[in-house]
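Chain by chain, the residues:
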Amino acid sequence: MNVRIRFCATVVVALAGAGCGSNQEDFQTVPPHLIESMKTHCAGRFLIDLPASLRLTHSGTVGVGDATFYFGHGTDFSTVDVSVVADRITPGIFEAGVAQRMEELTRATNHATDGPMLVGSETWGDTGTRLLRYASSVISDAKVHELHLLVGEAHVAMSTTAFQESQARDADARLQAMATRVAPVGDPQNAPPGTCLGPVVVDAGSDYEELELAFRATDAVHADIRFRISLNTLPQADDEPSLIARGESNLTGLGVKWKTLNKGARQLAGMRGEQWLGAFDDKGAPQHGFYAETDLRTGAPGQPRLMLEMFTGGERESGEPVAASLSDGQAASLWTSILDSLRFRR
């Protein structure tokens, strides 16, 4: 099981630059429109308030799950990936999305059979479609069972792998069980029990779970602001370095210079943790990378390993750096407001 715990991987690619020091400005420096209309989101088993302009992003890519649910322990386990492909859509848009997915798989080639990657399809229930595809373009034994559902107004895709034909029935059974455990989310504060993926919640009953949700600002002035929340309940190594130690070691090893705005102990929804706030300079463009992480070695649904990340600035497709739309103090104040809002769902 690969636990995706990252620190600075996103910012390091495009950043180089400043010295060290600190900069603190009061909360009032945050642009009012960012904090006066905060919106509550349901993420995992938490609620968190973000500026209304930050929207949950959907990759639109099937097979890259927002969440992975693990059933079993040690080396004897199976998984089901669940992702929200699109939200706020009509049944017609959903059907078009499934048709496009089928066309993509039909056009792709499985070189072990010289045929299409799509093996077959069938209707499941009133709105569902189950696709069967090869797990890789170079093998034909392992097949992915992929189920598409319209849950409320969300296109939800879930997938699980049968590595040999004898496992096919179990794979379909996993999807059938999971399909009954997905429900739409109306008011985030009254979402049903389970793990929230934004517009839907999954009450998987799994042994472990892993989740990542990403948000991005949609207004033109602050389109550079991104936020990400990740969590997992997988066992952690006892000797794993802390957030601060791990992150600063990575930056130093990569030769990246930074200015420390704040670092140290930080409670996250009542759980012990750390935070690290850094400012960077990329060819004269100021940028930020802020991180917070719980300090847990044995995770559980009520006590997951949790990481929160916020970035400003970035890089255009041309490679040209984008300057942060917030000053150091504004970014740090917004970060504090967001972290203070994090709480467990009741």
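Above this text sits the structure in question.
Residues numbered from 1 in each chain as written. Predicted model: local features only at pLDDT ≥ 70, side-chain atom pairs only at ≥ 80, totals over all residues. Heavy atoms only, no water.

### A short note on the sheet that holds strand β14 (residues 200–202)
Part 1 of the argument: In spatial order, the strands read β12-β14-β13-β1-β2-β23; together these six strands make up an open sheet with antiparallel pairing. Two strands close off the open sheet at either side, each with one partner strand: β12 (182–184) and β23 (343–344).
Part 2 of the argument: With two bridges joining them, strand β2 (residues 46–51) and β23 adopt antiparallel strand pairing. When the bridges of β23 are listed, Leu47 appears paired with Arg343. (Pairing = 2+ DSSP bridges. Helix = DSSP H or I, 4+ residues; strand = E, 2+ residues; numbered from the N terminus.)

### Side note on the packing of aromatic side chains
Part 1 of the argument: Under the counting rule described, the total for this entry stands at seven aromatic pairs.
Part 2 of the argument: Between Trp276 and Phe280, the ring centres sit 6.2 Å apart and the planes meet at 45°, which makes this aromatic pair tilted.
Part 3 of the argument: The exposure class assigned to Phe280 is buried, which follows from its relative accessible area of 4%.
Part 4 of the argument: Following the ring pairs from residue to residue traces out a cluster consisting of Trp258, Trp276, Phe280, Tyr291 and Phe311. (Phe/Tyr/Trp six-rings, centres within 6.5 Å; stacked < 30°, edge-to-face > 60°. Buried < 20%, exposed > 50% of the residue type's maximum accessible area, 1.4 Å probe, protein only.)

### Topic: the layout of surface pockets
By rolling a water-sized probe across the atoms, one finds the places where empty space is left.
Part 1 of the argument: Of the volumes computed, that of the largest pocket is approximately 340 Å³.
Part 2 of the argument: Around the largest pocket, the lining is made up of 16 residues, and of these Lys39, His41, Asp87, Arg88 and Pro199 lie nearest the centre.
Part 3 of the argument: Among the elements that make up the lining of the largest pocket, the one with the highest residue count is strand β1 (residues 38–44) (four residues).
Part 4 of the argument: Looking at the lining of the largest pocket, its residues break down into seven nonpolar, five polar and four charged.
Part 5 of the argument: Forming the boundary of the second largest pocket are Phe77, Ser78, Thr79, Asp81, Ser159, Thr160, Thr161, Phe163, Gln167, Asp170 and Arg174. (1 Å grid on protein atoms, 1.4 Å probe; cavity = no way out; pocket = protein on both sides within 12 Å on 5 of 7 lines; lining within 4 Å. Points joined across faces, edges and corners; volume = space filled by probe spheres on them. Nonpolar A, V, L, I, M, F, W, Y, C, P; charged D, E, K, R; others polar.)

### Structural notes on the state of the cysteines
Part 1 of the argument: Taken as a whole, this structure holds one disulfide when the rule is applied.
Part 2 of the argument: There is a disulfide in this structure between Cys42 and Cys196, and the S-S distance comes to 1.9 Å. Measuring handedness by torsion sign, the sulfur bridge of Cys42 and Cys196 sits at about 75° and is right-handed. Of this pair, Cys42 sits in strand β1 while Cys196 sits in strand β13 (residues 195–197), and the two are 154 residues apart along the sequence.
Part 3 of the argument: The class of Cys196 is buried, set by a relative accessible area of 0%. (Disulfide = S-S within 2.5 Å.)

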